[in-house]
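Here are the chains, one letter per residue:
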Number of protein chains: 4
Amino acid sequence: MTDSARKSAILLIHCRDKPGIVVTITDFIHSNGGNIIYLDQHVDIERGIFFMRIEWDLQNFVIQRSKIAEYFETLVGSRYQMIFQLHFSDTKLRMAIFVSKMPHCFYDLLARYESGELNVEIPVIISNHTDLQHAAERLGIEFHYLPITRENKKQQEQKQKELLKSHNIDFIVLARYMQVLSDDFVNDYPQRIINIHHSFLPAFPGSRPYHSAYERGVKIIGATSHYVTAELDAGPIIEQDVVQVSHKDSVEDMVRIGRDLEKIVLARAVRHHVHHDLLVYENRTVVFE
Amino acid sequence: MTDSARKSAILLIHCRDKPGIVVTITDFIHSNGGNIIYLDQHVDIERGIFFMRIEWDLQNFVIQRSKIAEYFETLVGSRYQMIFQLHFSDTKLRMAIFVSKMPHCFYDLLARYESGELNVEIPVIISNHTDLQHAAERLGIEFHYLPITRENKKQQEQKQKELLKSHNIDFIVLARYMQVLSDDFVNDYPQRIINIHHSFLPAFPGSRPYHSAYERGVKIIGATSHYVTAELDAGPIIEQDVVQVSHKDSVEDMVRIGRDLEKIVLARAVRHHVHHDLLVYENRTVVFE
Amino acid sequence: MTDSARKSAILLIHCRDKPGIVVTITDFIHSNGGNIIYLDQHVDIERGIFFMRIEWDLQNFVIQRSKIAEYFETLVGSRYQMIFQLHFSDTKLRMAIFVSKMPHCFYDLLARYESGELNVEIPVIISNHTDLQHAAERLGIEFHYLPITRENKKQQEQKQKELLKSHNIDFIVLARYMQVLSDDFVNDYPQRIINIHHSFLPAFPGSRPYHSAYERGVKIIGATSHYVTAELDAGPIIEQDVVQVSHKDSVEDMVRIGRDLEKIVLARAVRHHVHHDLLVYENRTVVFE
Amino acid sequence: MTDSARKSAILLIHCRDKPGIVVTITDFIHSNGGNIIYLDQHVDIERGIFFMRIEWDLQNFVIQRSKIAEYFETLVGSRYQMIFQLHFSDTKLRMAIFVSKMPHCFYDLLARYESGELNVEIPVIISNHTDLQHAAERLGIEFHYLPITRENKKQQEQKQKELLKSHNIDFIVLARYMQVLSDDFVNDYPQRIINIHHSFLPAFPGSRPYHSAYERGVKIIGATSHYVTAELDAGPIIEQDVVQVSHKDSVEDMVRIGRDLEKIVLARAVRHHVHHDLLVYENRTVVFE
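What counts and what doesn't
Residues numbered from 1 in each chain as written. Chains lettered and ligands numbered in written order. Predicted model: local features only at pLDDT ≥ 70, side-chain atom pairs only at ≥ 80, totals over all residues. Heavy atoms only, no water. Pairing = 2+ DSSP bridges. Helix = DSSP H or I, 4+ residues; strand = E, 2+ residues; numbered from the N terminus. Axes fitted to C-alpha atoms, helices over the stretch in contact; angles between N-to-C directions. Buried < 20%, exposed > 50% of the residue type's maximum accessible area, 1.4 Å probe, protein only. Contact = heavy atoms within 4.5 Å. Buried area = accessible area lost by both parts, 1.4 Å probe. Salt bridge = Lys/Arg side-chain N within 4 Å of Asp/Glu carboxyl O. Polar contact = N/O pair within 3.5 Å; in protein donor to acceptor, adjacent residues only side chain to side chain. Least-squares fit on C-alpha atoms with pLDDT ≥ 70 in both.

A few words now on the sheet that holds strand β10 (residues 220-227) of chain A. Residues and elements named next belong to chain A. The strand order β7-β6-β5-β8-β9-β10-β11 describes an open sheet built from seven strands, whose pairing is mixed. Each of the sheet's edge strands pairs with one partner strand only, and the pair in question is β7 (142-145) and β11 (237-244). Strand after strand, the sheet turns through a mean of 20 degrees between neighbouring axes, direction not considered.

Here is the key point about a regular strand: its side chains alternate between the two faces of the sheet. Residues and elements named next belong to chain A. Of all nine residues in strand β3 (residues 49-57), nine are buried, a share of seventy percent or more. Because side chains alternate across β3, one face comprises the buried residues I49, F51, R53, E55 and D57, and the other comprises F50, M52, I54 and W56, equally buried. Bridge count between strand β1 (residues 8-16) and β3: nine bridges; the pairing is antiparallel. What sits directly across from C15, in β3, is F50. In this sheet, β3 lies alongside strand β2 (residues 35-44) in antiparallel orientation, the contact comprising nine bridges. Within the sheet, the bridge partner assigned to V43 lies in β3 and is F50. Hairpin remark: β2 followed by β3, antiparallel, with four residues in the connecting loop; positive phi at G48, about 70 degrees.

What follows concerns the sheet that holds strand β10 (residues 220-227) of chain C. Residue and element names in this part refer to chain C. Pairing in this open sheet of seven strands is mixed, and the strands run β7-β6-β5-β8-β9-β10-β11 from one edge to the other. This sheet does not close on itself; its edge strands, each paired only once, are β7 (142-145) and β11 (237-244). Direction aside, neighbouring strands of the sheet carry axes that sit 20 degrees apart on average. Here four bridges tie strand β6 (residues 120-127) to β7, and the two strands are oriented parallel to one another. In the sheet register, I125 faces β7, and the bridge partner there is F143.

In this assembly, 38 residues from chain B lie in contact with 38 residues from chain A. With both sides pooled, the region where chain B packs onto chain A buries about 3,300 Å², and carbon together with sulfur makes up 52% of that total. The tally of links between chain B and chain A comes to four salt bridges. For K248 of chain B, the salt bridge identified is with D40 of chain A, shortest N-O distance 3.8 Å.

Further remarks concern the interface of chain D and chain A. With 24 residues of chain D at the contact, the number on the chain A side is 24 residues. A combined buried area of about 2,200 Å² lies between chain D and chain A, and 40% of that area is made up of carbon and sulfur atoms. Taken as a group, Y107, E114 and R138 of chain D account for 21% of the area that chain D buries against chain A, more than any other trio of residues on that side. Between the two partners, chain D and chain A, sit ten salt bridges.

A word on the environment of V99 of chain A. When you line up the elements, V99 of chain A lands in strand β5 (residues 93-99). The spacing of V99 of chain A and V173 of chain A is 74 residues in sequence and 8.5 Å in space, taken between C-alpha atoms.

Residues and elements named next belong to chain B. Note on placement: H87 falls in strand β4 (residues 83-88). Given the relative accessible area of 19%, H87 is considered buried. For H87, the side chain forms a polar contact with the side chain of Q85, separated by 2.8 Å. There is a polar contact of 3.2 Å between the side chain of H87 and the side chain of H276. H87 has contacts with S8, A9, I10, L12 and H276, leaving out every residue within four places of it along the chain.

Two chain copies here: they are related by a rotation about an axis and a translation along the same axis. The transformation that overlays chain B on chain A combines an axial shift of 0.0 Å with a rotation of 180 degrees, and the residual RMSD is 0.0 Å. The relationship between the two copies is best expressed as a two-fold rotation axis. Scanning chain B for the C-alpha nearest the rotation axis identifies A203 of chain B, at a separation of 2.3 Å. Of all interface residues in chain B, 100% are interface residues in chain A too; the two copies therefore contact each other through one and the same surface.

Okay, here's the thing in structure tokens:
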């Protein structure tokens, strides 16, 4: 994909496939002074659905930013009943991290953040434990300790929501956060909560996948990053990767081996989200890369 | 691992772990003139089980072949309640193939057989279709057409068993054989029927895994070879491998991509079986390599 | 990617990147009644080069097949100094296989051919040995035995060329053909000779890569399919894949493990070529998938 | 492999292969009250060399720690001209990190250290830049800024050596340290300096592997961790891993994708070293796992 200093607009589009869609879209951009720098288009033949990611340089584009969505909807989108998102490459997303005690994904995200690899703002971190408070604080990130019990879950989620709102959070990353979010909470952030599950979903959903993998005697273990939906571990999959194990590996070995997989797979998913490389259709992601 | 011209004996052993097992076994071989050419030992700490594959050159071994099992049981095995198998590297296993219409695994096995890569005898091929009869016959392998219906299944399995018996078959490979074997049949060949399943088990058991994988939107598909047990797709896993797919891949694409995976994963499993590289303990395989 | 019964045209294009290229091309197709079924476009930012693969349904296309290239060149290509290839999905390519003694890639290609997986015609097979003659002949494919010595190489290559010409061969696959083709020969078939090299190029070029890999103590071995150019093992890479090895693997083990890799990697490259999924620019392939 | 609270001794052994070695070693341990908890033995048939890693519980072992090496040499090692190393599982190795400006490997090692995943002491970090000083200091690790020029290299290496000596450093990790160490320095730490090279060696040695990979048009990039020897990028390989790239990936993309690979591959190598899982023979590593 591409990069950096350039100011560009990104459209993620899907609609029923019909003749002439590509030319209509490219014509809209071209005839208004936009130079296309990325175009990936794909038709799901089985479902008859058209998908596109298109990005263009805004330098000589004659429609002002705040009007692009309206113009596109009027001139193009409405004609094809398109569902589209418009993003700008120079707008930094604001990301919250939810974490419990396990540090590997958390440290990895913070290292990417600190080194400038992860192009986001992280104004707030929320945890049901205090173990990782120091790591948040030494980077000057607000840390909120909100322990969860069956009794206080509703109230604590309310506080979480307020924190997210007050910090203008765009999306949430669950970095091995060991609490199930309520449906209510999840529904407030559709396709904006990214989780890492420590198995190759749909194998081994639930809370002890490495134990299950060991019991079943699989020769490969995996990790899956996905958007969170109301149904546990069943949201649209963003990234998956795997690594070989053998009969020599105990559950403890799998946990250790899996850590590296989890952090890499989660980081890739966050990157796709941040770069607006993906859209969701019928619980499946379309990842442009 | 090892090889070829050399005449060697192979022991696959498991028992409860206790001090002194290794030295007792190696001493049995060594003091009787055997030179150890392969030794792999592993303790499953969680279960407290000892596993070993040991292979030694028979050239100067003083116990004659036909007596080795008895002597080992008396002098070593009974002391530790070992469960062991004894094999000889110069004995060719006799393998039957069951196949339906899909040729990729079948052709691949035959090519390995013809080129000498697969060190077995294949005296008989059984199919519920005639599509692949020509391929069997041009290699001079007996081919039996035994179509299966709900009504005749029992009788046909009886005929299959007679064929297997009359050809002294050691093990059976289901090369995408599209029939479920009866429990009766399966129980006659414990750890001697190898199947290839076209998914990364335990994800997507059953008959249409690529469709399910497509529906679930996974980013990786897999194949699994396993010993067949009475419970469908739940036998001990021998080999697994995976390959990346993307949103661009239709079910048809997955079928195509999966074919190469299936044939490689099945061939690896057959090789392990033929080389006596694996044993089964509590529905998990221990693969020495 | 796409498929089968549909009659479609495929354009593979590259040129200097300029604003408006995409819209010009899509407009040419759309305004003449073509329905775009595949479009993948990519700009190499570092070199400023535009690449595209575009495929459209010919059903309602108003320009007749034999005129499409001319019209496209006049109306679009010449404007941007495009270099383009035009292919039709219903034209079967004619492929020759060159092979020596090693059967694995050869058998694999024939199995794909026989099962209809490989959408080509194979009218002729050429070998410097007779070992594999029987396999060619039982499929009814002409087999020519042309042994090569230093002395007769020029003449034998002359005979090869005549055979290729008389069979209207479109491209050649070297299925572990253990002879170096002369520059002359290679230059006659630019980007039309596919080789499989048994290493992860550019590591270990030359004739004994597994020995070199063993000596160097690498932990991964690979295979590389590439177009043949005058410089040995330096042509544009089409596909690569790798597999893990360990200190336990001897050269012989690597040879065995590598076989499966070689056949899969070669088959993928042949498929890309046959499906017109790739173009070459500055000794690198652009593979659309 | 094994673990943790248990106090055990580890022997890494190699010598010319002869009959009876395994039994002699296991007998030495067994007859002195040691319980073998790990044994991996391997014969390099081509070279006729025997390799072993053996680990035993010290609880009831009758030879005291400080005498084990002497007794083993006298009773076993000298008989077979063995080269062996003896380690104890409860002795923490002392590791120094050399780093320049690139933070990814460095942050990753520190995160593993901080979370207790990496079982070492890190008393000192040395850098030719000050960029990462803050990260060292917030974990309370001594950081020394020793910039290198052609003129001062000798003196600065002298200072480095003094620091290493005064901190009793066992081994050094070059976490993308962008300076070539002098032969003198390297020879002082045989098999005790671990480097991460950002390519699949032996492809693309030297300083700009991602540029070379891009130019060559490879479809897979890799990373290699190895012990440093006098010959640049030619030391014994400990770990390698790879990831797929495509024509869409620029050099900058490869740099980004490669970062994750580098940190994982380096961490695995460090882990093997720390766990005494590897030995070196003829510039190749034998990795027991």
